[in-house]
Amino acid sequence: MAADILEVTITSIGAQGDGIASHDGVPVFVPFAMPGDVARVIVKDKRRNGIYSELLEIVSESESRRAPVCAYFGACGGCQLQYMDAKTYSGWVKNRAVLALKQHGFDDVPVLDPVITPPASRRRVALKALKVAAGVVLGFNERQSHQIVDVTACPVTREELTALFEPLRRVLDAVFEAKMAATVHMTLTASGVDMMIDAPMALGLAARERLVEFAHSQDVASLHWRDQGFLDPVAIRREPVMDFAGVKVPLPPAAFIQATDEGEAALVKAVVDGCRGFGRVADLFSGIGTFTLPLAREHQVMAAEGARDALDALKAGVLVAPDLKQVITRHRDLFRQPISATELEKVDAVVFDPPRAGAAAQVAEVAKSDVKRVVAVSCNPNTFSRDARTLADSGYVLEGVLPVDQFLWSSHLELVGTFTRL
Ligand SMILES: C[S@@+](CC[C@H](N)C(=O)[O-])C[C@H]1O[C@@H](n2cnc3c(N)ncnc32)[C@H](O)[C@@H]1O
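Residues numbered from 1 in each chain as written. Predicted model: local features only at pLDDT ≥ 70, side-chain atom pairs only at ≥ 80, totals over all residues. Heavy atoms only, no water.

S.K.: Break down the site of the ligand for me, citing the residues and quoting the values.
M.R.: Gln258, Thr290, Glu305, Asp333 and Leu334 are the nearest of the 17 residues found near the ligand. In this structure, a nitrogen atom belonging to the ligand sits 3.0 Å away from a main-chain N or O atom of Phe285. The separation between a nitrogen atom of the ligand and a polar side-chain atom of Asp333 is 2.9 Å. With the chains in place, 85% of the 590 Å² that the ligand exposes on its own is no longer accessible. By residue class, the composition of the shell around the ligand is eight nonpolar, five polar and four charged. (Near = heavy atom within 4 Å. Polar contact = N/O pair within 3.5 Å; in protein donor to acceptor, adjacent residues only side chain to side chain. Areas by Shrake-Rupley, 256 points an atom, 1.4 Å probe, with all protein chains shown as cover. Nonpolar A, V, L, I, M, F, W, Y, C, P; charged D, E, K, R; others polar.)

Below you can see the structure in the form of structure tokens.
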């Protein structure tokens with residue numbers, strides 16, 4: 001056997017989803033492998049934390065292996081964990097939360113069984129598009145590459161979006177100049193598909209007419225072209241809206257929403273249940289009101305958010321929902337100017353849901369406050385655990401954590417944690 005080819009037995013799965021084996025006591029990371037597999041691999045890189053390899057062949061399969069459902073499995077960079085059966089996958093998702101918490105000293109926090117969203121549930125996607133000699137390539141990036149895998153189907157995405165892939169490819173072929181690259185953001189809203197094409201040039205008249213025709217023929221609710229940040233509303237046939245607890249909120253172009261209906265429902269339930277019985281709530285990093293509006297059925301809410309268009313959308317929703325409790329808004333950069341411990345004297349519970357970087361500055365203020373209940377939502381188990389440590393060191397008890405997996409078969413994971421100040 002050549003020196004850089006190894007045969008290894010996988011014993012665990014790492015945070016990025018690679019199988020992990022041991023060779024002479026050194027961890028070996030093997031993509032597309034799982035516990036119980038015996039794999040033949042070629043060594044690609046030797047780093048301080050272990051050996052990085054590429055899978056040559058599975059010599060003997062784990063009993064928990066199953067056939068991937070996607071035709072693009074292996075080439076496409078998304079959904080790399082489809083070869084695990086549901087039980088193994090769910091166990092891995094839960095363990096990711098457990099391990100991230102342990103790294104910050106939470107050894108015995110109860111971690112609930114994860115909520116795992118079903119296939120065909122993703123309601124927002126960003127597709128890469130590139131005009132080549134043969135036409136437009138439209139799809140997702142290959143694994144660890146900027147090459148695009150041309151796809152006609154995607155088993156994790158809502159059918160209302162995948163049905164547009166083919167007509168979209170055709171219209172982009174007519175609209176794009178040679179070698180043009182763009183990103184197409186598609187979101188399924190309560191009023192239909194909202195689409196934004198991020199492109200490097202302004203739209204000409206003939207191309208605009210093609211896109212308007214496409215929007216009409218495919219019943220696309222709204223279509224924007226964005227050239228270097230400048231938004232061009234090409235076809236606004238219906239205003240894209242989201243529905244949060246019966247409140248209709250206009251969706252600003254490409255604004256953040258949770259990735260699936262099911263994931264949103266699980267997160268909202270955890271947040272609303274966590275705040276029940278507490279008086280006023282501060283919803284920090286509120287976005288367009290995913291949590292604010294359901295909370296406002298029971299509580300007065302202060303919503304704070306850095307994106308002005310998101311906050312304006314939230315306010316527009318509040319205006320047409322007279323049966324809500326009072327919602328006040330704060331337009332704030334919560335990294336530079338967090339809601340202070342003094343401002344938090346007015347509330348009884350805090351919800352925060354920051355971007356991946358976490359909420360270090362904001363959490364430092366919560367830690368100084370007397371707020372009795374905190375519900376933390378996060379799309380990054382590592383920054384979640386770091387911020388949870390700050391809260392725990394200031395006297396909060398982390399009662400439990402719910403993992404919510406909205407990015408099926410990938411290593412992305414959301415966590416919700418509920419804290420009480422004793
Ligand atoms: C993960 S999203 C959550 C939004 C909302 N809670 C939801 O579930 O739809 C994070 C939000 O934080 C906002 N954000 C990012 N950086 C921020 C900052 N420095 N200050 C305030 N808000 C920020 C984003 O605009 C986005 O709305």
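S.K.: Break down unusual backbone geometry for me, with residues and values.
M.R.: Backbone geometry at Ala120 places phi at a positive 55 degrees, although glycine is not the residue there. Following the sequence through the fold, Ala120 ends up in the loop between β7 (115-116) and β8 (124-132). You can call Ala120 partly exposed: its relative accessible area is 33%. Of note, Asp219 is a non-glycine position whose phi angle comes to about 55 degrees, a positive value. As for its placement among the helices and strands, Asp219 is situated in the loop between α4 (205-217) and β13 (222-227). (Helix = DSSP H or I, 4+ residues; strand = E, 2+ residues; numbered from the N terminus. Buried < 20%, exposed > 50% of the residue type's maximum accessible area, 1.4 Å probe, protein only.)

S.K.: Any chance you could break down the sheet that holds strand β18 (residues 301-305) for me, citing the residues and the numbers?
M.R.: An order of β7-β22-β23-β21-β20-β17-β18-β19 is seen for the eight strands of this open sheet, with the pairing classed as mixed. Taken across any chain shown, the strands that pair with only one partner, and hence form the sheet edges, are β7 and β19 (327-331). Alignment of β7 against strand β22 (residues 396-405), held across two bridges, turns out to be parallel. Within β22, the position partnered with Ile116 by the bridge is Asp405. In the packing of helix α5 (residues 261-275) onto the sheet, contacts are made with β7, β17 (281-284), β20 (349-352), β21 (373-378), β22 and β23 (414-421), and the angle to β21 comes to roughly 165 degrees. (Pairing = 2+ DSSP bridges. Contact = heavy atoms within 4.5 Å. Axes fitted to C-alpha atoms, helices over the stretch in contact; angles between N-to-C directions.)

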